[in-house]
Number of protein chains: 2
Amino acid sequence: MGKTRTSIRDVARESGVSLTTVSLVLNKNDARISDATRQRVLEAMEKLAYTPSRLARGLPNRRANTLAVLVPQLQHAFADVYFGELISGIYEAAVDRGYRIILEVARREYIRRKEYMTLLEDCSVDGILFLGATEEHRWLSEFDGTDKPLLIVNNHFSQWNLHSVVCDYPAAGRLAADYLADLGHTHIGHICGPRGMVRTSEELTDAFIERLGERGIRLSERQIVDGQFLVETGKIACDELLARNPKLTAIFAANDKMALGAYQSLRGVSKAPGADVSVLGCDDIPTAALADPPLSTIRMNFVEVGAASCRRLLDVIEGKESPEKMNQRIPVTLVERGSCHSVEGARR
Amino acid sequence: MGKTRTSIRDVARESGVSLTTVSLVLNKNDARISDATRQRVLEAMEKLAYTPSRLARGLPNRRANTLAVLVPQLQHAFADVYFGELISGIYEAAVDRGYRIILEVARREYIRRKEYMTLLEDCSVDGILFLGATEEHRWLSEFDGTDKPLLIVNNHFSQWNLHSVVCDYPAAGRLAADYLADLGHTHIGHICGPRGMVRTSEELTDAFIERLGERGIRLSERQIVDGQFLVETGKIACDELLARNPKLTAIFAANDKMALGAYQSLRGVSKAPGADVSVLGCDDIPTAALADPPLSTIRMNFVEVGAASCRRLLDVIEGKESPEKMNQRIPVTLVERGSCHSVEGARR
DNA sequence: TAATTCTGGTAAAGCATTTTACCCCGCCGC
DNA sequence: GCGGCGGGGTAAAATGCTTTACCAGAATTA
């Protein structure tokens, strides 16, 4: 029993047509087929509970109908909400268009052996979405000027011509600046991302400083400290910030994790986050809403970034795309919660 | 250029042997081949930078060297840390054994069409890991008594004979009971998981109650309220718990999210979590450590659960496993942070 | 009525492997 | 000197589908 799976051949026999016809129906390459025939074929499929083999389908035209999600080697990358949200969005967009996704981690050995190329060459996947790209990932240059289907998710590179989709970080920076300025803050600190590593993060910081300048508030170098996007480094950065500028009334962190680190730092010197010093984050990770006080932040819809990235990559793959690798920007919004207050209204 | 990828045929021509020979060498099915020939073939491969096509390889022997990670349809499942950690563990174990993983969401339509079966039948994957299984997932019965390679991750079913790997929930329940009892608590509340839905969660609750009983502390039904494992439902459950038993000095929640909901509930009635009422969680999600006060909890190593699950499934697939579907239990540990205090030492 | 164009469909050649016979040849034992 | 055997290979079928011709017959045109 179950000797061999039911194949297109069985469907053909059952419905009394040729293999070709079945295949055409299957591929919705229907135009040439009459309604009656199509119907018969579909019924036969239903009756035999036929499901085409992905493997066999891919062979002739060298398409796997699969995308790879590639992440850098970090401690349990898939457990990170940031990647998780991106992946959720990617998954949904992929399924919508009939694609599957596989997960890959770019370990050192993986890079050395150029496995990402093998992936494309052995027809395992039709395209690659790279998450968490930083300036460290020099191997991306191999894709510069290539028409290979690789897309950088939520970062970009000025030195190379690669496809990418990013959040509107400059807008986020301006949003943050306006918000804090509107609240009357003038002594503002900023915890930025690691220097020279992530373009988007630098755009955020640049736009923040510039807009603040336009509003008549100058941020000196002393009011900016960098962190590695982690809670611990956010805490350390905030410690430094407070030591340098005891009169700060507001802090803007380049991501929520560092903002939560700032909470810890403030408590360490007996200041109440939100009440004594306003804290504004960026990203809107789930933990932000759970913090005490709930963290106000700039919401980046990472699920949407993932989905948009995936759609664009598929456009490239399916040739629905003009050859220029234009970059797309996903809009951001301000989420007011309890961690920012106007200067006058602040406690004490 | 690059008209057609270099195939096994090119290697055969280059090294002057037959397709078969190349294939045999490729598959380390070497016994019959002389060293000299093997060497020649390997050199040809190297020279031509040949990489076999995964697609084509899978066709004849119906093996994909791929595993599917299947999750129920939840809002952005992959963004959930719980699933994320499991997936990280799964990924690592899979890579170690030369397997890839694909992601799948079991939507309603997916179930109706039995796509999980298709997955196995069309040779897309060699096995399935199902995360987030509850009693609602009746379709799992199709795998009962089957030798199909499906494994339930971190839950199990008494009514069906399925492979599974779970955390040691009974041990967790005992750990929690002993800890709170040791701290001198006698008025204890418990927020359990949804009733009749998740076996492991019930084991946790049962063991908790039983051990508490052994320590002379009886938990009445009034001291137990269920939640849906979410922050909001944890808050609601805790509200109810406090309304019923104003004198509670400790609360044990079946997961960290609900414990954090309890924090919110307590604050709502002006009680300080940790100080006025001890709160103990379960899981040890990253947010637990960030909460204020940091949440004491039972650590379940989900990354390890994922890895162990994957290894077991691969054993089954590769026939390294005795036919009995024995269940495996991953040990748990208590993580003391700031949210539990002894009764005497409590504030007020 | 003959020539042309559709319409609906089919045969067959791939696609890149694995795997199952089967084959040739030299050597051994008798 | 011959049957048997084993080492080292190979030819060819099979895997399940796509796609490119190509082909009847009907409808339309000239």
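In this text the structure is predicted, and so the values were computed from the model without any measurement.

Provide a residue-level description of the sheet that holds strand E12 (residues 332-335) of chain B, including the pertinent values.
All names here are of chain B. Spatially, the 6 strands line up as an open sheet ordered E7-E6-E8-E9-E10-E12, and their pairing is mixed. A single partner strand is all that each edge strand has here, and the edge strands are strand E7 (224-226) and E12. For this sheet, the mean angle separating the axes of adjacent strands, direction not counted, is 15°. For strand E10 (residues 296-300) and E12, the ladder comprises 4 bridges, and the chain directions are antiparallel. Within E12, the residue paired with Thr297 across the bridge is Val335.

Describe in detail the packing of aromatic side chains, supporting the description with residues and values.
In this structure the tally under the stated criterion is 17 aromatic pairs over all chains. For the ring pair Phe78 of chain A and Tyr91 of chain B, a centre distance of 5.5 Å and an interplane angle of 65° mean the geometry is edge-to-face. Of this pair, Phe78 of chain A sits in the loop between strand E1 (66-72) and helix H5 (81-96) while Tyr91 of chain B sits in helix H5 (residues 81-96), on two different chains. Taking the relative accessible area as the measure of exposure, Tyr91 of chain B reaches 6% and is therefore buried. Taken together, the ring pairs in this structure connect Tyr116, Phe130, Trp139 and Phe143 of chain A into an aromatic cluster.

Quick rundown of the protein's contact with DNA strand C? Include the residues and the values.
Around DNA strand C, the structure places 26 residues, and the nearest of them are Thr21, Arg32, Thr37 and Arg62 of chain A together with Ser23 of chain B. Atoms of DNA strand C within 4 Å of the protein belong to the sugar or the phosphate in 56% of instances, the rest to bases. One of the side-chain nitrogen or oxygen atoms of Thr20 of chain A is found 2.8 Å away from a base nitrogen of DNA strand C. Ser53 of chain B places a polar main-chain atom, nitrogen or oxygen, 2.7 Å from a phosphate oxygen of DNA strand C. Counting residues per element, the surface near DNA strand C draws most heavily on helix H4 (residues 54-61) of chain B, at 4 residues.

Pulling in residues and values, what's your account of the pattern of salt bridges?
Counting across every chain of the model gives 48 salt bridges over all chains. Here the salt bridges do not stand alone but share partners, grouping Asp178, Asp182, Arg211, Glu214 and Arg215 of chain A into one network.

Could you give an account of the state of the cysteines, naming the residues involved and the relevant values?
Two cysteines, two sulfur atoms, one covalent bond between them: this is a disulfide. Residues and elements named next belong to chain A. If you walk through the whole model with that rule in mind, you get 0 disulfides over all chains. Cysteine Cys282 is unpaired, with the sulfur of Cys167 as its nearest cysteine sulfur at 8.1 Å. With relative accessibility at 0%, the residue Cys282 sits in the buried group. Here Cys310 is not disulfide-linked; the sulfur of Cys167 is the nearest cysteine sulfur, at 16 Å.

An account of unusual backbone geometry is requested, with residue identities and associated values reported.
Trans is the prevailing form of peptide bonds, just as negative phi is the prevailing case for residues other than glycine. Residue and element names in this part refer to chain A. With omega at -5°, the peptide bond leading from Asp292 into Pro293 counts as cis. For Pro293, the position within the fold is in the loop between helix H12 (286-290) and strand E10 (296-300). A positive phi angle, close to 55°, is found at Ala49, a residue other than glycine. Considering the arrangement of structural elements, one finds Ala49 in the loop between helix H3 (35-48) and helix H4 (54-61). Under the relative-accessibility criterion, Ala49 is labelled exposed at 57%.

Hey, could you go over the sheet that holds strand E8 (residues 250-253) of chain A for me, with residue numbers and the actual values?
Residues and elements named next belong to chain A. A sheet is described by the order of its strands in space; here 6 strands give the open sequence E7-E6-E8-E9-E10-E12, paired in mixed fashion. Every other strand in the sheet has two partners, leaving strand E7 (224-226) and strand E12 (332-335) as the edge strands with one partner each. Across the sheet, the mean angle from the axis of one strand to that of its neighbour is 15°, orientation sign disregarded. In the packing of helix H9 (residues 199-214) onto the sheet, the strands contacted are strand E6 (188-192), E7, E8 and strand E9 (278-283), and the crossing angle to E6 comes to about 165°. Of the strands in this sheet, E6, E8, E9 and E10 are in contact with helix H11 (residues 256-268), which crosses E9 at around 155°.

Go over the relation of the copies chain A and chain B, please, and point to the residues and values.
The transformation that overlays chain A on chain B combines an axial shift of 0.5 Å with a rotation of 179°, and the residual RMSD is 1.2 Å. Both chain copies can therefore be described as sitting about a two-fold axis. Most of the interface of chain A is mirrored in chain B, where 98% of its interface residues are also at the interface.

Tell me about the interface of chain A and chain B, and name the residues and values.
Across the contact, 45 residues belong to chain A and 44 residues belong to chain B. Counting the surface chain A buries against chain B, the share from its top three residues, Leu55, Tyr91 and Arg100 of chain A, is 17%. Linking chain A with chain B are 4 salt bridges, by the criterion used here. The partner of Arg267 of chain A in a salt bridge is Asp292 of chain B, with the nearest N and O atoms 3.4 Å apart. Between chain A and chain B we count 14 residue pairs in polar contact (both at pLDDT 80 or more) in total. Counting residues per element, the ones that place at least two in the side of chain A that touches chain B are H4, H5, strand E2 (100-106), helix H7 (115-121), H11 and H12 of chain A. The element contributing the most residues to the side of chain A that touches chain B is H5 of chain A, with 8 residues. Across the side of chain A that touches chain B, the residue classes break down as 21 nonpolar, 11 polar and 13 charged. Relative to strand E2 (residues 100-106) of chain B, E2 of chain A is paired through 3 bridges, and the arrangement is antiparallel.

Give a detailed account of the protein's contact with DNA strand D, specifying residues and quantitative values.
With respect to spatial proximity, 26 residues lie near DNA strand D, and among them Ile8 and Tyr50 of chain A together with Thr21, Arg32 and Thr37 of chain B are the closest. Among atoms of DNA strand D positioned within 4 Å of the protein, sugar and phosphate together represent 58%. Interatomic distance of 2.6 Å between a side-chain N/O atom of Ser23 of chain A and a phosphate oxygen of DNA strand D. A distance of 2.9 Å separates a phosphate oxygen of DNA strand D from a polar side-chain atom of Asn27 of chain A. When contributions to the surface near DNA strand D are tallied by element, the ones reaching two or more residues are helix H2 (19-26) and H4 of chain A together with helix H2 (19-26) and H4 of chain B. The element contributing the most residues to the surface near DNA strand D is H4 of chain A, with 5 residues. For the surface near DNA strand D, the residue count by class is 10 nonpolar, 12 polar and 4 charged.

Lay out H5 of chain B in plain terms, naming residues and giving numbers.
Residue and element names in this part refer to chain B. The terminal C-alpha atoms of H5 lie 23 Å apart, and with 16 residues this matches the ideal 22 Å at 1.5 Å per residue to within 8%. Among the 16 residues of H5, 12 are classified as buried, and the element is accordingly described as predominantly covered. Where H5 is concerned, the buried positions are Val81, Phe83, Gly84, Glu85, Leu86, Ile87, Ser88, Gly89, Ile90, Tyr91, Ala93 and Ala94. The N-terminus of H5 is capped by Asp80, whose side-chain oxygen sits 2.7 Å from the backbone nitrogen of Tyr82.

Could you give me a rundown of empty space enclosed by the protein, with the residues and numbers involved?
The probe, sized like a water molecule, is rolled over the atoms to show the empty space still left. Scanning the model with the defined rule gives 2 cavities of 30 Å³ or more in all. In this model, the largest cavity occupies a volume close to 50 Å³. As for the largest cavity, its lining consists of Phe78, Gly84, Ile87 and Leu103 of chain A together with Phe78, Gly84, Ile87 and Leu103 of chain B. Secondary structure elements with two or more residues in the lining of the largest cavity: H5 of chain A together with H5 of chain B.

Run through the side chain of Thr134 of chain B, naming residues and quoting values.
In this fold, Thr134 of chain B is placed in the loop between strand E3 (127-131) and strand E4 (150-153). Among all residues touching Thr134 of chain B, those that are not within four sequence positions of it are Asn155, Phe157, Met197 and Val198 of chain B.

Scoring rules and cut-offs
- Residues numbered from 1 in each chain as written.
- Chains lettered and ligands numbered in written order.
- Predicted model: local features only at pLDDT ≥ 70, side-chain atom pairs only at ≥ 80, totals over all residues.
- Heavy atoms only, no water.
- Pairing = 2+ DSSP bridges.
- Helix = DSSP H or I, 4+ residues; strand = E, 2+ residues; numbered from the N terminus.
- Axes fitted to C-alpha atoms, helices over the stretch in contact; angles between N-to-C directions.
- Phe/Tyr/Trp six-rings, centres within 6.5 Å; stacked < 30°, edge-to-face > 60°.
- Buried < 20%, exposed > 50% of the residue type's maximum accessible area, 1.4 Å probe, protein only.
- Near = heavy atom within 4 Å.
- Polar contact = N/O pair within 3.5 Å; in protein donor to acceptor, adjacent residues only side chain to side chain.
- Salt bridge = Lys/Arg side-chain N within 4 Å of Asp/Glu carboxyl O.
- Disulfide = S-S within 2.5 Å.
- Contact = heavy atoms within 4.5 Å.
- Least-squares fit on C-alpha atoms with pLDDT ≥ 70 in both.
- Buried area = accessible area lost by both parts, 1.4 Å probe.
- Nonpolar A, V, L, I, M, F, W, Y, C, P; charged D, E, K, R; others polar.
- Expected span 1.5 Å × (residues − 1).
- 1 Å grid on protein atoms, 1.4 Å probe; cavity = no way out; pocket = protein on both sides within 12 Å on 5 of 7 lines; lining within 4 Å.
- Points joined across faces, edges and corners; volume = space filled by probe spheres on them.

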